[in-house]
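Here's the letter readout for the chains.
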Amino acid sequence: MPGARADRPGTAPALRAAAFAAAYVNGEGGLATRWRRSFLAGVDTEATAMGEPLRTGQEEWNGDPRTYDTRKIDRRHALAWTTGPLAAADGGPVGRRVRGAPGLRLTVRSTTGTAGLVAHLFDVAEDDSARIVTHEPLNVHDLAPDRDTTVTWRLQAAAYDIPAGHRLMLVVDSKDPLYGDATVTWTRTEIGSPPGAASFLELPLG
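Structural notes, computed from the coordinates. (Residues numbered from 1 in each chain as written. Predicted model: local features only at pLDDT ≥ 70, side-chain atom pairs only at ≥ 80, totals over all residues. Heavy atoms only, no water.)

Details of the sheet that holds strand β8 (residues 115-124)
Phase 1: The strand order β4-β9-β8-β12-β5 describes an open sheet built from 5 strands, whose pairing is antiparallel. Each of the sheet's edge strands pairs with one partner strand only, and the pair in question is β4 (68-69) and β5 (78-82).
Phase 2: Note: β4 against strand β9 (residues 129-140), 2 bridges, orientation antiparallel. Opposite D69, over in β9, you have S129 as the bridge partner. (Pairing = 2+ DSSP bridges. Helix = DSSP H or I, 4+ residues; strand = E, 2+ residues; numbered from the N terminus.)

Concerning the environment of R34
Phase 1: By secondary structure assignment, the location of R34 is in the loop between β2 (14-17) and β3 (36-40).
Phase 2: Residue class for R34 comes out exposed when judged on its relative accessible area of 70%.
Phase 3: For R34 and A198, which are 164 residues apart along the polypeptide, the C-alpha to C-alpha distance reads 8.6 Å.
Phase 4: Not counting chain neighbours up to four residues away, the residues in contact with R34 comprise S193, P194 and P195. (Buried < 20%, exposed > 50% of the residue type's maximum accessible area, 1.4 Å probe, protein only. Contact = heavy atoms within 4.5 Å.)

Regarding unusual backbone geometry
For residues besides glycine, phi is generally negative; the peptide bonds are generally trans as well.
Phase 1: Even without glycine at this site, D142 takes up a positive phi of about 60 degrees.
Phase 2: Tracing the backbone shows D142 in the loop between β9 and β10 (149-154).
Phase 3: The phi dihedral of W186 is positive, around 65 degrees, even though this residue is not glycine.
Phase 4: Topologically, W186 is positioned in the loop between β12 (167-173) and β13 (188-192).

Looking at the packing of aromatic side chains
Phase 1: What the rule picks out here adds up to 2 aromatic pairs.
Phase 2: Here Y68 and F122 contribute two aromatic rings whose centre-to-centre distance is 4.9 Å and whose plane-to-plane angle is 65 degrees, an arrangement assigned as edge-to-face. Residue Y68 is located in strand β4, and its partner F122 is located in strand β8; the two are separated by 54 residues in the primary sequence. With respect to class, Y68 is no different from F122; both count as buried. (Phe/Tyr/Trp six-rings, centres within 6.5 Å; stacked < 30°, edge-to-face > 60°.)

Considerations on the environment of A87
Phase 1: Considering the arrangement of structural elements, one finds A87 in the loop between β5 and β6 (94-100).
Phase 2: Put simply, A87 and P163 are 76 residues apart on the chain and 8.5 Å apart in space, counted from C-alpha to C-alpha.
Phase 3: Excluding residues that lie within four positions of it along the chain, A87 makes contacts with G95 and R96.

Comments concerning the pattern of salt bridges
Phase 1: Taken as a whole and assessed by the stated rule, the structure comprises 9 salt bridges.
Phase 2: Where R71 meets D69, a salt bridge forms, and the shortest distance between an N and an O atom there is 3.0 Å.
Phase 3: By relative accessible area, which is 59% here, R71 ends up exposed.
Phase 4: Between K175 and D181 there is a salt bridge; the shortest N-O distance is 3.1 Å. (Salt bridge = Lys/Arg side-chain N within 4 Å of Asp/Glu carboxyl O.)

Here we look at the side chain of T187
Phase 1: On the secondary structure map, T187 appears in the loop between β12 and β13.
Phase 2: Taking the relative accessible area as the measure of exposure, T187 reaches 11% and is therefore buried.
Phase 3: Aside from chain neighbours lying at most four places away, what touches T187 is F39, L40, A41, T111 and T112.

Observations regarding the pairing of β10
Phase 1: Alternating residues of β10 divide into T149, V151 and W153, all buried, and T150, T152 and R154, none buried.
Phase 2: Pairing between strand β7 (residues 103-110) and β10: 6 bridges, direction antiparallel. By the bridge assignment for β10, V108 is matched with T149.

See below:
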């Protein structure tokens, strides 16, 4: 069952997870730290906001959004974090209701001075097919391979119902045909979660 885009966003408490990776959440339920992961930048992946902007936009408008195969997202050129299946608190058909603009905080290093980051949030079905919930890029400057830089930004506001049993996936890569970027090809971007600057995605829920 595909996810549904609700009529309008509202305000609600936010849900925090350590970049969505359950394995990175500590035993006390806080945000985990002391982990790092990296990817090779400058190559586009299956995670894109739109394949062909005009065609994809028309399909979205007509209620037939693009379907992605998350198994095809090249993990050499992207990082991905996924929740477990989402259950509805009331036993109903909706696992989570996203209402508003998600916030993302990441601690970044790079082998060059600039890096493009593109965050994509997906609704993933049981068969690993997905539909995009929201996305947003950020260009980061004055980076170094041995120095942490912590950045925060907002993804585009969304009003989206995620069906019970589906998962949420956060994908961060360096290219998207919809956006310009500061990525230098074949450089390495590292994302971590050091003490005092935990990486996390904050979801506004309705």
